[in-house]
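# Examination of the molecular architecture
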Amino acid sequence: MMLRVSFIRFTACLLCVSFVSSSAFVPPTPPISQIPRVRNPSSLSTLKAQFNVFFDIAIRDKAAGRMVFQVSEDHLPKAVENFKTLVTGERGALDSTLNYKNCAFEFSSMYTMGAQYKWSHVCKGRGKNVFGNGKDAIKEPEAMAACRHPCPGSAGSYYGINVDSIESESSSEEQVLQLQLQKPLGLILEEDEGVEGVTVVDVNEDGSAGKDKRIMAGDQIIKVGDQDVSAASLQEIMDLIINAKSTINLQVRRDAGAPDQQADGNLLAVPVGGPGCGFSRFDIIRMRASPQQWQERILVNSAVLGFMLSGSRTLNAMASGAGEPVIVDCGIL
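Report on the accompanying structure.

Basis of the calculations
- Residues numbered from 1 in each chain as written.
- Predicted model: local features only at pLDDT ≥ 70, side-chain atom pairs only at ≥ 80, totals over all residues.
- Heavy atoms only, no water.
- Helix = DSSP H or I, 4+ residues; strand = E, 2+ residues; numbered from the N terminus.
- Buried < 20%, exposed > 50% of the residue type's maximum accessible area, 1.4 Å probe, protein only.
- Contact = heavy atoms within 4.5 Å.
- Areas by Shrake-Rupley, 256 points an atom, 1.4 Å probe, with all protein chains shown as cover.
- Expected span 1.5 Å × (residues − 1).
- Polar contact = N/O pair within 3.5 Å; in protein donor to acceptor, adjacent residues only side chain to side chain.

### Topic: the overall build of the chain
- The secondary structure content of the chain amounts to five helices and 19 strands.
- Each of the 333 residues in the chain was classed as buried or not, and the buried ones make up 49%.
- Looking at the chain alone, contacts between residues at least 24 apart form 70% of all its contacts between residues at least 6 apart.
- For the chain, the exposed area adds up to about 15,800 Å²; of that, 49% sits on carbon and sulfur atoms.

Okay, structure coming up:
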């Protein structure tokens, strides 16, 4: 049996108080990003250095989830340095165009699941790289020659990571997000009877959390200010938020959940020829999910910099045709 109390509005946030038994209907929760690890480290033993990047995506101003990729620093050092710097936005103070935040992915029938779908998604960035004046294309022919791979069934080649070495597996790791938000937050929270902790059920887009676009349904509130609330009741968290100043520091936990098996074969790449080559463009290529006649051939004239660890559901949302996907936040994990 579920007892649902009508919506209660506070200056601090919007809260829905619910006590849910195990047999009760639970409101549907959007997908939560998961962070798998590499299943067979020995298969990637030739990779000397790597880092993980994330992209938080919104579609029509609504959070669509997070994608996480592992990027290798062993091949094409200039291309990787350029990509990494644009992800962090560390040179944004000198040039506001040198970052991916608020950049959109291409949106048309070619990037929407259907007959014309290209099995890839393109972000052109803002058209500049981080070297010199940013207007001269990156060129590193010797590095390319050292990581050239043939595409089976094609006369062409791809570069970077050898995709045959990529495997992934689930992990029990979790994400912890630190946020500083202004009242009103616009969070709808829920406490389940018999379950420790308070979770986010929904995010009102008019509140500061909705505009921030990082908190998702399913996230657990674990800190309000300096107070650990991982085992607190809904009422205790409400009191802390109500009594807090206009700016609130929150910490939320996002469980890794089940393995993201569909992440396998989703690759992060940059073009080595054609439009956008040597500047800020990067592609997400769905190699394993593509038709049998495509597969590795879809990588021709691309350099594979990394591979997806989690976020296949976010990628599916990007391909759904619901709207233009926008990078609302990105960085290094």
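### A short note on the environment of Leu333
- Looking at where Leu333 falls in the secondary structure, it is placed in the segment after strand S19 (325-332).
- Each residue touching Leu333, except ones within four places of it in the same chain, is listed here: Asn52, Phe54, Arg66 and Val68.

### Things to note about helix H1 (residues 77-88)
- With 12 residues, H1 extends 16 Å from end C-alpha to end C-alpha; this agrees with the ideal 16 Å at 1.5 Å per step.
- Every buried residue belonging to H1 is among Ala79, Val80, Asn82, Phe83, Thr85, Leu86 and Val87, and all of these are buried.
- Along its buried surface, H1 packs onto strand S5 (50-59), strand S6 (62-72), strand S16 (266-271), strand S17 (282-286), strand S18 (302-310) and S19.
- Directly after H1, the chain includes Gly89, whose backbone phi takes a positive value near 70 degrees.

### Notes on the side chain of Asp283
- Tracing the backbone shows Asp283 in strand S17.
- A distance of 2.9 Å separates a polar atom in the side chain of Asp283 from a polar atom in the side chain of Arg281.
- Non-local contacts of Asp283, meaning those with residues more than four positions away in its chain, are made with His121, Val122, Leu267, Leu268 and Ala269.

### Notes on unusual backbone geometry
- Across the junction of Lys183 and Pro184, the peptide omega takes the value -5 degrees, indicating a cis bond.
- Relative to the assigned elements, Pro184 resides in the loop between strand S10 (174-182) and strand S11 (187-191).
- Non-glycine residue Arg60 carries a positive phi angle of around 55 degrees.
- Locating Arg60 in the fold gives a position in the loop between S5 and S6.

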